[in-house]
Amino acid sequence: MKHLLIGLSTLTFCLSIAPCRAQDKPLAVVVMDPLAAPLSCPCVEGFAQRRYEKLGTYLEKQLHRPVKVLFADDLSKIVRGETGKNIDLVIGKQSLVKFDANLLSIPLRELAMLTDKEGKTTFTGLFVVLQDDPARRLQDLKGYTVLFGPPDCDEKFKAAADALQKAGVKLPAKLESRPGCSDSVLEMIEYWEKPTAAVISSYAASLLEGCGTIEKGAIRVVGETKPVPFVTVFAAQSMDASTAEKISRALDMVKSSPELLSALESKKGFIIIPGKSKSGRPVEKQGPAADGKETVDKKKVTAEDNAAWPGWRGPNRDGVVARLPPRLPERTKILWSKELTGVGLSGVAVSGKYVIVADRDAADTGDIFRCLDAAGGTELWSLEYFTRGAIKDYGNSPRGTPLIYDGKAYTLGGLGDLHCLNLADGRILWKKNLVLDFGGIVPTWGFCSSPLLADDKIIVNPGSPRAALVALDRHSGKEIWRSPGFPSAYASFIAGTFGGVRQIVGYDEKSLGGWDAATGRRLWTLVPPQTGDFNVPTPLDAGGKLLVSSENNGTRMYGFASGGVIRPEPLAENADLAPDTSTPVFAGGKVFGCWNALYCLNAGDGLKSLWTGEDEAFSSFPMLIASPERVLAISNRGELILVNASSDKFEVISRLRIFAEDTEVLSHPALVGDRLYIRGATKVVCVDLSAE
């Protein structure tokens, strides 16, 4: 593969819509993406030929200033040139850019990530051997010489070493490192008589064959690393907030340009990273069902027949039910279907005869909450109101799940409109706005936490310096207490007794915390060792211990000291289960969670992995509901997968498709008895899961 340093200064030209002046300083953009056209080769049609010069032209138009695009596989080459350290943006493999910037003392901050043709922002390292090698899996590489990549390439070094250790392969005192994928593979071929494996980047497999470096079919994959971040946009730490905001907005709009998506070989364009500019990016989601919340007041519901699903993740906000069907029916039995007008992220809430589902008007100018008859889907009433502002990704529809309790319904829109409604007729009893009433700051992906019921109070998180968390009287909406703090995260809060103290537990933008439920006083703060979590998965009360999961810090179990303060050292942890949006479930002494696979962890033995289930349905933000015997996974493509939770291995009992494969399901369903209420892109349906 080519390694070039090319200055495309000829691409810096003045546009008629914004004439360039001689004093305009060009925006210096350094491209280190290994799939950029000048840094790769044109051997595979339609791949590894990203045309960043088109992005440069686009940025000129958006920013009204000249843009200079430079290409390099090593940041030091740019620094030694005329540009020096005067770099504004760097676009490249995340680990490599960070490594070089640290070496050269160039302070950068992450701004956005580029999606690939499948919409992913991650890639992996592949363990390969020669085609006729006897090794078939990672465990077979014991005694092999493994040729790693350089330390600045996480997928071929750190992640690869972690994967081998997990597989029980002992690592040598010093890892054998080679500079490039072709170097490793060619050496493996040359010394074919010696048991050797190579680690290559997942994007390099087709290029090695396409470029003729190796013959087609010469190598075979025997293992893969955990996904790691791929192409990331970094901004100079010195860049002013206004410029960073403009660039973020421009990058975010790339997804609307088919020409740019084609030039960059991208499905969804750039995903803006929250909190890195004043622009941010929301959640989730890129993802899945928005959090909601609800926990019953004071004591847990123990309905033998799953009698209600009154809010986020069910009666106790843990995704656990008394029973799941022994198997799914052979065919899909839809009892009723209701067409909707907008995209939906908010979960479904069901209690008695009432089903509440969030919607958005066709013009995307206002929220709608529809109350439907649980028996037949007839609309009983609706709440509609105009909203101001905009949320990143997935439209402006509500994210949080409605809460139904004691004849009232509590709803929260993505832009901060909180309503308390009479459940019987939809009459507004009181309302608040988290921005106008509490100085709240709308998160990049909107307010995603559903209202929490705790000790007769409604808890919401405006995320303002003076009112990060607020408790309201559930009857009148009158403020009971407020707690100062930091901007909101996206996870829902829970209420529980930890260390003998009744407290509210959840995330702000940067930390996990506990607040006294009676007074709102913050009891403790826990900042994770690794930064950058979006803080989307909901914490879980695991019998007085706290179970949390996040994409950069994995899954951890914490204990508490007397006085309700968390002990900062985890009681147990598992680095492999690291979901960015999907919340795990805790049932039968096991933890089940999804992160590109379904993981089963032993909660009583250090969160050790009991088994991992590979299935395409687990790759994109599935939602989980569990009983002591079974786990029901709901994929974001509308398929149900019922898994045996009692087995010592991954065992699918049955599966059932609800929606067509091209339907995106981002809303958490509600399970009441044998009825599953689930929202697709344009409709909500009620499905009978009972036996034939």
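Residues numbered from 1 in each chain as written. Predicted model: local features only at pLDDT ≥ 70, side-chain atom pairs only at ≥ 80, totals over all residues. Heavy atoms only, no water.

## Concerning the overall build of the chain
Move 1: Regarding its fold elements, the chain presents 8 helices and 47 strands.
Move 2: For 692 residues, the compact-globule formula gives about 26 Å, and the C-alpha radius of gyration of the chain, at 26 Å, lands near that figure.
Move 3: For the C-alpha atoms alone, the extent of the chain along its principal axes is close to 70 × 65 × 50 Å.
Move 4: Across the 692 residues that make up the chain, the buried fraction comes to 60%.
Move 5: Long-range contacts, defined as pairs at least 24 residues apart, comprise 62% of the intrachain contacts of the chain with a sequence gap of at least 6.
Move 6: Put simply, the chain shows about 27,100 Å² of open surface, and 51% of that area lies on carbon and sulfur atoms. (Helix = DSSP H or I, 4+ residues; strand = E, 2+ residues; numbered from the N terminus. Rg over C-alpha atoms; globule rule 2.2 N^0.38 Å. Buried < 20%, exposed > 50% of the residue type's maximum accessible area, 1.4 Å probe, protein only. Contact = heavy atoms within 4.5 Å. Areas by Shrake-Rupley, 256 points an atom, 1.4 Å probe, with all protein chains shown as cover.)

## Considerations on the packing of aromatic side chains
Move 1: Applying the stated criterion to the full structure yields 14 aromatic pairs.
Move 2: Ring geometry for Trp 524 against Phe 560: centres 5.8 Å apart, planes inclined by 65 degrees, an arrangement best described as edge-to-face. Residue Trp 524 is located in strand S32 (residues 522-526), and its partner Phe 560 is located in the loop between strand S35 (554-558) and strand S36 (572-574); the two are separated by 36 residues in the primary sequence.
Move 3: Ring-pair connections join several aromatic residues into one group, and the members of that group are Phe 592, Trp 611, Phe 618 and Phe 650. (Phe/Tyr/Trp six-rings, centres within 6.5 Å; stacked < 30°, edge-to-face > 60°.)

## Considerations on the pattern of salt bridges
Move 1: Applying the stated criterion to the full structure yields 33 salt bridges.
Move 2: Lys 158 is the salt-bridge partner of Asp 162, the closest N and O atoms lying 3.2 Å from each other. Of this pair, Asp 162 and Lys 158 both sit in helix H4 (residues 158-166), 4 residues apart, which is roughly one turn of the helix.
Move 3: A salt bridge links Glu 187 to Arg 178; its shortest N-O distance comes to 2.6 Å.
Move 4: Each member of the salt-bridge network shares a partner with another, and the members are Lys 338, Asp 359, Arg 370, Glu 379 and Arg 679. (Salt bridge = Lys/Arg side-chain N within 4 Å of Asp/Glu carboxyl O.)

## Some points on the sheet that holds strand S39 (residues 598-602)
Move 1: A sheet is described by the order of its strands in space; here 4 strands give the open sequence S37-S38-S39-S40, paired in antiparallel fashion. A single partner strand is all that each edge strand has here, and the edge strands are strand S37 (585-587) and strand S40 (608-613). With strand direction ignored, the average angle separating the axes of adjacent strands in the sheet is 20 degrees.
Move 2: One ladder, built from 5 bridges, connects strand S38 (residues 590-594) with S39; its direction is antiparallel. From the neighbouring strand, Lys 590 faces S39, where its bridge partner is Asn 602. (Pairing = 2+ DSSP bridges. Axes fitted to C-alpha atoms, helices over the stretch in contact; angles between N-to-C directions.)

## Notes on the sheet that holds strand S9 (residues 176-177)
Move 1: Taken in spatial order, the 5 strands line up as S9-S8-S10-S7-S11 in an open sheet, and their pairing is mixed. Of all the strands in the sheet, just S9 and strand S11 (219-224) have a single pairing partner and so form its edges.
Move 2: Of the pairings in the sheet, the one linking strand S7 (residues 125-130) to strand S10 (residues 196-201) comprises 4 bridges and is antiparallel in character. Paired with Gly 125 across the bridge in S10 is Ser 201.
Move 3: Strands in contact with H4 are S7, strand S8 (145-148), S10 and S11; relative to S8, the strand with the most contacts, it is inclined by about 155 degrees.
Move 4: Contacts between helix H5 (residues 181-190) and the sheet are confined to S7, S8, S10 and S11, with S10 contributing the most and set at about 160 degrees to the helix.

## Quick look at the confidence of the model for the chain
Move 1: Taken residue by residue, the chain gives an average pLDDT of 88. The fraction at 70 or more is 91%.
Move 2: In this model residues 1-23 is a low-confidence stretch, pLDDT under 50, and it forms 48 contacts with partners more than four residues away in sequence or in other chains.
Move 3: Scored below 50 in pLDDT, residues 276-304 shows 142 contacts in the model against residues more than four places distant or in partner chains. (pLDDT = per-residue confidence, 0-100.)

## Points about the pairing of strand S43 (residues 639-644)
Working note: regular strand, side chains alternate between the two faces of the sheet.
Move 1: Here S43 lies mainly inside the structure; 6 of its 6 residues are buried.
Move 2: Taking every second residue as pointing to the same face, both faces of S43 are buried, with Glu 639, Ile 641 and Val 643 on one and Leu 640, Leu 642 and Asn 644 on the other.
Move 3: Note that strand S42 (residues 630-634) and S43 share 5 bridges and pair antiparallel. Residue pairing in the sheet places Ala 633 in a bridge with Ile 641 of S43.
Move 4: In this sheet, strand S44 (residues 652-657) lies alongside S43 in antiparallel orientation, the contact comprising 5 bridges. When the bridges of S44 are listed, Leu 642 appears paired with Ser 654.

## Some points on unusual backbone geometry
Move 1: One non-glycine residue, Arg 317, adopts positive backbone phi at about 55 degrees.
Move 2: Considering the arrangement of structural elements, one finds Arg 317 in the loop between strand S15 (308-309) and strand S16 (334-339).
Move 3: For Arg 317, a relative accessible area of 1% translates into the label buried.
Move 4: Residues other than glycine seldom take positive phi values, yet Asp 393 does so here, at roughly 65 degrees.
Move 5: Note on placement: Asp 393 falls in the loop between strand S20 (379-386) and strand S21 (403-405).

## Concerning the state of the cysteines
Move 1: Scanning the entire structure with this criterion turns up 1 disulfide.
Move 2: As a non-bridged cysteine, Cys 181 has Cys 153 as the owner of its nearest cysteine sulfur, 7.7 Å distant.
Move 3: Owing to a relative accessible area of 8%, Cys 181 belongs among the buried residues under this scheme.
Move 4: Cys 594 carries a free sulfur, and the closest cysteine sulfur to it, the one in Cys 600, is 12 Å from it. (Disulfide = S-S within 2.5 Å.)

## Some words on the packing of helix H1 (residues 52-63) against helix H7 (residues 241-252)
Packed helices, taken two at a time, are described by their axes: the angle between them and the distance between them.
Move 1: Relative orientation of the contacting elements H1 and H7 amounts to 125 degrees, with a least axis distance of 10 Å. Put simply, H1 runs oblique to H7. For the element pair H1 and H7, the recorded crossing hand is right-handed. Residue-level contacts link Leu 55, Tyr 58, Leu 59, Gln 62 and Leu 63 of H1 to Lys 246, Ile 247, Ala 250 and Leu 251 of H7.
Move 2: Of the residues that constitute the contact of H1 with H7, the class distribution is 7 nonpolar, 1 polar and 1 charged. (Parallel < 35°, antiparallel > 145°, perpendicular 65-115°, else oblique. Left-handed = near helix turned anticlockwise from the far one by under 90°. Nonpolar A, V, L, I, M, F, W, Y, C, P; charged D, E, K, R; others polar.)

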